[in-house]
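Residues per chain, in single letters:
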Amino acid sequence: MPNKPTISQEHLAYLHGKKLYRKRVVAAQILLLIGFIAFWEVAAALRWIDPFIASQPTRIVKTLISLHREGTLYHHIGVTVLETVAGFTLGTIMGTVIAIALWWSDFLAEVLDPYLVVINSLPKVALGPILIVWLGQGMRAIVTMALFVSLIVTIIGVYTGFSQVDENKIKLLKSFGASKMQILQKVILPASVPTIISALKINVGLSWVGAIVGEFLVSRAGLGYLIVYGGQVFRLDLVMASVIILCIAAALMYQLVIIFEKIVLKWQ
Amino acid sequence: MRAETLVRIENVSKTYHSPEGEISALQDISLNIAEGEFVSIVGPSGCGKSTLLNIIAGLVEPSAGAVYIKGQEVTGPTSLVGYMPQSDQLFEWRTIWRNVLLGLEVLNKVNSDTKLQAEKMLRTYGLYEFRKAYPSQLSGGMRQRAALIRTLAINPEILLLDEAFSALDYQTRLVVADEVKQIITRENKTAVLVTHDISEAISMADRVVVLTKRPGKIKNIHQVVLTCESHTPIGCREAVEFRDYFNKIWKELDVHAE
């Protein structure tokens with residue numbers, strides 16, 4: 001190291017100010033959440049809002065506890081998480097494989113281009129009824145839905161990533177006499193890992209949409225099922241409880257992908 | 001006493017086709033390069049000097065004529081040629097060691113012999129301690145050295161430097177050119193440098209080939225003889241003849257600001 005870090009008073013003050021600001025942000029974030037929950041609780045208790053329609057934090061907690069006691073809670077979470085994970089994993093893998101095929105053959109890429117554009121702009125949930133007829137009223141239809149929602153975005157994103165790999169890197173490999181397969185293995189795929197991971201991040205969110213919408217349409221289990229069922233029988237406590245679990249599960253899964261990214265991209 | 005001819009370029013022409021029409025990039029280029037020689041090619045931008053290099057490397061097929069290396073016609077990339085593209089092009093996701101092995105991997109020539117050879121070069125050129133580092137952790141000069149070792153690891157007969165230093169800032173560029181020239185001399189390699197920098201061309205080369213505007217033809221060839229104490233590119237810039245060469249080539253390039 002050329003210059004030893006000697007910290008001046010001024011720099012200390014600067015660092016202290018930074019830290020203080022960060023603390024204020026976190027404190028405000030926590031206060032906002034607590035304030036919101038407290039207001040909700042009080043508003044429902046004082047009958048400013050109807051707890052039957054708007055639910056109430058304490059009632060949500062009670063619902064969660066009873067779901068936990070019945071043991072069904074984990075089954076529902078497990079089903080939805082499984083569908084989502086299957087959806088985005090398959091979506092990312094299949095999307096990448098198709099993107100490789102498009103990269104391999106410029107002809108194929110050009111032929112399929114207009115179809116990809118049209119399918120990409122189609123709201124995939126519109127395919128729900130078709131999938132149910134074809135695949136039956138079960139997990140298969142829901143996973144396929146979660147897969148479809150993320151597939152086309154992945155193909156387009158990853159293929160674009162492939163075509164943006166530095167020409168000079170490809171030229172370098174060609175000068176060693178590399179085959180197309182070697183170019184794919186040694187430069188296209190490793191250079192596109194960041195693109196594939198950012199596709200994965202988007203797919204996590206999209207697959208939740210696919211899985212929940214799928215469960216809205218068919219299913220006898222899952223968080224989407226709980227939400228629809230709760231709505232139909234007017235148990236808003238159940239709906240709210242399910243939405244909150246969904247929030248937490250989605251956030252946790254996103255964090256897992258971030259950790260995965262840090263491990264894979266340690267060279268950055 | 002002339003060294004043996006290593007590369008023979010015979011009546012090479014190249015025409016590019018596009019929907020807008022055809023462009024003649026090179027016209028009837030003939031040139032012999034002797035073993036151990038360092039040749040610089042300069043020319044106005046777009047004169048096809050990089051195309052010529054790509055043809056020697058077997059990356060581009062000439063429209064007419066042929067290139068022979070050691071008497072064999074070039075029909076595609078071979079390990080006789082070590083090509084250095086613009087900027088170092090080290091792969092960020094590979095360690096320096098794995099970057100150095102890249103060419104050998106592609107050629108399926110990774111074995112204890114070639115590995116030992118690569119390791120020796122890393123030691124000689126001060127990169128051994130950094131073999132486990134990633135390129136982003138190295139300075140511009142070190143990266144260029146690593147890139148050169150990657151090319152030398154396949155043990156090519158001739159090195160082709162395609163504007164290899166143009167991405168570096170001026171100071172680094174001088175130092176790197178110096179280092180690269182010393183390594184090439186030490187390893188006893190033949191080299192062809194394509195550049196738009198006249199000083200760089202003169203200071204590194206035994207001969208400077210000047211090309212005309214598109215379509216590129218050979219306008220003149222200068223045998224560079226400089227009287228300077230240290231025959232490094234930086235030292236050569238001190239030579240009294242340097243200015244003369246510079247002015248002559250500058251006039252031949254016939255550059256007009258528009």
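The rules behind the values
- Residues numbered from 1 in each chain as written.
- Chains lettered and ligands numbered in written order.
- Predicted model: local features only at pLDDT ≥ 70, side-chain atom pairs only at ≥ 80, totals over all residues.
- Helix = DSSP H or I, 4+ residues; strand = E, 2+ residues; numbered from the N terminus.
- Rg over C-alpha atoms; globule rule 2.2 N^0.38 Å.
- Buried ≥ 20, exposed ≤ 12 C-beta atoms within 10 Å, placed from the backbone.
- Contact = placed C-beta atoms within 7 Å.
- Domains from an automatic or database assignment.
- Expected span 1.5 Å × (residues − 1).
- Bend = angle between axes of the 7 residues up to and from the residue.
- Nonpolar A, V, L, I, M, F, W, Y, C, P; charged D, E, K, R; others polar.
- Pairing = 2+ DSSP bridges.
- pLDDT = per-residue confidence, 0-100.
- Right-handed = clockwise from strand over helix to strand, strands pointing away.
- Core = buried A, V, L, I, M, F, W, Y, C linked by C-beta atoms within 7 Å.

Description of the overall build of chain A
When helices and strands are tallied, chain A shows 12 helices and zero strands. Traced from its N-terminal end to its C-terminal end, chain A shows the element sequence α-α-α-α-α-α-α-α-α-α-α-α. For chain A, whose C-alpha radius of gyration is 25 Å, the value lies well above the compact-globule estimate of 18 Å for 268 residues. Counting only C-alpha atoms and orienting by the principal axes, one finds that chain A spans roughly 75 × 70 × 30 Å. Residues counted as buried form 31% of the 268 residues belonging to chain A.

Remarks on the overall build of chain B
In terms of regular secondary structure, chain B is built from nine helices and 10 strands. In terms of overall size, chain B behaves like a compact globule, its C-alpha atoms giving a radius of gyration of 18 Å where 258 residues would be expected to give roughly 18 Å. Buried positions account for 41% of the 258 residues belonging to chain B. Long-range pairs, those at least 24 residues apart, make up 70% of the contacts in chain B between residues at least 6 apart in sequence.

Overview of the domain arrangement of chain A
For chain A, the assigned domains read domain 1 (9-49) and domain 2 (60-264). One C-alpha centre belongs to domain 1 of chain A, the other to domain 2 of chain A, and the line joining them spans 34 Å.

Here's the deal with helix 7 (residues 139-163) of chain A
All names here are of chain A. Under the 1.5 Å per step criterion, the end-to-end length of helix 7 is 36 Å for 25 residues, consistent within 8% with the ideal 36 Å. Most pronounced at Ser150, the bend in helix 7 amounts to some 30°. Burial of helix 7 is extensive: 20 of the 25 residues sit out of reach of the surface.

Some points on the interface of chain B and chain A
Contacts between the two partners involve 17 residues from chain B, matched on the other side by 14 residues from chain A. When contributions to the side of chain B that touches chain A are tallied by element, the ones reaching two or more residues are strand 6 (81-84) and helix 3 (102-106) of chain B. Class assignment for the residues of the side of chain B that touches chain A results in 11 nonpolar, five polar and one charged.

Examining the sheet that holds strand 4 (residues 64-69) of chain B
Residue and element names in this part refer to chain B. Read from one edge of the open sheet, four strands run 2-1-4-5, paired in antiparallel fashion. Each edge of the open sheet is held by one strand with a lone partner, namely strand 2 (21-34) and strand 5 (72-73). Across two bridges, strand 4 lies against strand 5 in antiparallel orientation. Bridging across to strand 5, Tyr68 finds its partner in Glu73.

Looking at the confidence of the model for chain B
Chain-level pLDDT for chain B is 88 on average; 96% of the residues reach the 70-or-more range. The ipTM for the predicted assembly is 0.87, set against a pTM of 0.83.

Some words on helix 10 (residues 193-217) of chain A
All names here are of chain A. The end-to-end C-alpha separation of helix 10 is 35 Å, in line with the 36 Å expected for 25 residues at 1.5 Å each. Maximal helix bending in helix 10 amounts to about 25°, located at Asn203. Downstream of helix 10 by a residue or two, Ser219 has a phi angle that is positive, lying close to 130°.

What about the pairing of strand 7 (residues 158-162) of chain B?
All names here are of chain B. The element strand 7 is extensively covered by neighbouring structure, given that five of its five residues are classed as buried. By the bridge criterion, four bridges tie strand 6 to strand 7 in an arrangement that is parallel. Bridging from a neighbouring strand, Val81 pairs with Ile158 of strand 7. By the bridge criterion, five bridges tie strand 7 to strand 8 (residues 190-194) in an arrangement that is parallel. Bridged to Ile158 within strand 8 is Thr190. Each parallel crossover has a hand, and for strand 7 linked through helix 6 (residues 170-186) to strand 8 it is right-handed.

Digging into the confidence of the model for chain A
For chain A, the mean per-residue pLDDT works out to 90, and 98% of the residues sit at or above 70. Averaged pLDDT values for the elements of chain A fall to 85 in helix 2 (residues 51-54) of chain A and rise to 95 in helix 9 (residues 180-191) of chain A.

Side note on the nonpolar core
With 118 residues, the main nonpolar core has Ile56, Ile149, Leu160, Val192, Ala205 and Val208 of chain B as its most contacted residues. Residues in contact with Leu160 of chain B, not counting those within four places in the same chain, are Leu53, Ile56, Ala57, Val81, Gly82, Tyr83, Met84 and Val192 of chain B.

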